Amino acid sequence: MAIDTLRQVELQHLVAEVRRAARTLRAQTRLERDTVRRTLTEALRDDLEPKAERDLEGLEAIRTWASALENADVGDAELLQELLYGIDALLRVHLWREAGLLLVPPEPRTAADF
């Protein structure tokens, strides 16, 4: 049974937030990076974990990467960005497995992303 439309929208929003964070990370201050890191880690733990129905293996992978993100040094922008892009990919596959939606590649970046 596929998840409902509201849950799909919630997961798509989380994917978009993770991708935005990954794209803009290098322009952020250490404090902003720390805030983003904590906010996303909490969202992954509180909003994603209790609601997974079908993709328990993917959830375990996301949990592992979220833990690495939580413990990463905010001064290591390269590592933070790598973790965020990895979580983005894992979330996309998780959404595909949970909702049965097609996997769609990311949209081209716009001028606002630069």
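Residues numbered from 1 in each chain as written. Predicted model: local features only at pLDDT ≥ 70, side-chain atom pairs only at ≥ 80, totals over all residues. Heavy atoms only, no water.

Student: Is there a simple way to explain the overall build of the protein in this structure?
Tutor: The helix and strand tally for the protein stands at four helices and zero strands. For the protein, the N- to C-terminal ordering of α and β elements is α-α-α-α. Against the globule reference of 13 Å for 114 residues, the protein gives a C-alpha radius of gyration of 14 Å, in line with a compact fold. In terms of overall dimensions, the protein has C-alpha extents of about 45 × 30 × 20 Å along its principal axes. Taking all 114 residues of the protein together, the buried fraction comes to 39%. Sequence separation of at least 24 residues holds for 70% of the intrachain contacts in the protein that already meet a minimum separation of 6. Accessible surface, the protein as shown: approximately 6900 Å² in total, 57% of it carbon and sulfur. Taking the average place of the 16 positive charges on the side chains of the protein and the average place of its 22 negative ones, the gap between the two points comes to 3 Å. (Helix = DSSP H or I, 4+ residues; strand = E, 2+ residues; numbered from the N terminus. Rg over C-alpha atoms; globule rule 2.2 N^0.38 Å. Buried < 20%, exposed > 50% of the residue type's maximum accessible area, 1.4 Å probe, protein only. Contact = heavy atoms within 4.5 Å. Areas by Shrake-Rupley, 256 points an atom, 1.4 Å probe, with all protein chains shown as cover. Lys, Arg positive; Asp, Glu negative; His and termini not counted. Charge placed at Lys NZ, Arg CZ, Asp CG, Glu CD.)

Student: I tried to follow the pattern of salt bridges on my own but got confused; where do I start?
Tutor: A pair can form between side chains of opposite charge whenever their charged atoms are brought close. Under the defined criterion, the tally for this structure stands at nine salt bridges. Linked by salt bridges that have partners in common, R19, D88 and R92 make up one network. (Salt bridge = Lys/Arg side-chain N within 4 Å of Asp/Glu carboxyl O.)

Student: Even after reading the chapter, I still don't get the nonpolar core, so can you show me in this structure?
Tutor: Proteins that are soluble and globular tend to have nonpolar side chains buried together. Among the nonpolar cores identified, the biggest contains 28 residues, and L14, V18, L44, L48, L84 and L91 are the most heavily contacted of them. Put simply, the parts of the chain that give this core at least two residues each are α1 (5–24), α2 (30–48), α3 (56–71) and α4 (77–99). It is α4 that provides the largest number of residues to this core, a total of eight residues. Here V18 is in contact with L40, L84, I87, D88 and L91, once residues within four sequence places are set aside. (Core = buried A, V, L, I, M, F, W, Y, C linked by side-chain atoms within 4.5 Å.)

Student: What should I look at first to understand the packing of α2 against α3 in this one?
Tutor: Axis angle and axis distance: for two packed helices, these are the angle between their axes and the distance between the axes, and together they describe the pair. At a closest axis distance of 9 Å, the pairing of α2 and α3 adopts a crossing angle of 155°. What the angle tells us is that α2 and α3 run roughly antiparallel. The handedness of the crossing between α2 and α3 is left-handed. Side by side, α2 and α3 meet where R37, T41, L44, R45 and L48 of the first sit next to L59, I62, A66, L69, E70 and N71 of the second. In terms of residue class, the contact of α2 with α3 is made up of six nonpolar, two polar and three charged. (Axes fitted to C-alpha atoms, helices over the stretch in contact; angles between N-to-C directions. Parallel < 35°, antiparallel > 145°, perpendicular 65-115°, else oblique. Left-handed = near helix turned anticlockwise from the far one by under 90°. Nonpolar A, V, L, I, M, F, W, Y, C, P; charged D, E, K, R; others polar.)

Student: Please explain α3 as it appears in this structure.
Tutor: Each turn of an α-helix holds 3.6 residues, which means side chains three or four residues apart point in the same direction. Here α3 contains 16 residues, and its C-alpha end-to-end distance of 23 Å stays within 8% of the 22 Å for a straight helix at 1.5 Å per residue. Those residues of α3 that fall on the buried side of the exposure criterion are G58, L59, I62, A66 and L69. Along the axis of α3, the buried positions cluster into a sector of 95°, meaning they face one direction only. What points out from α3, more than 90 degrees from its buried face, is the exposed set L56, E57 and N71. Taken together, the buried residues of α3 touch α2 and α4. (Expected span 1.5 Å × (residues − 1). Arc of directions from axis to C-beta.)

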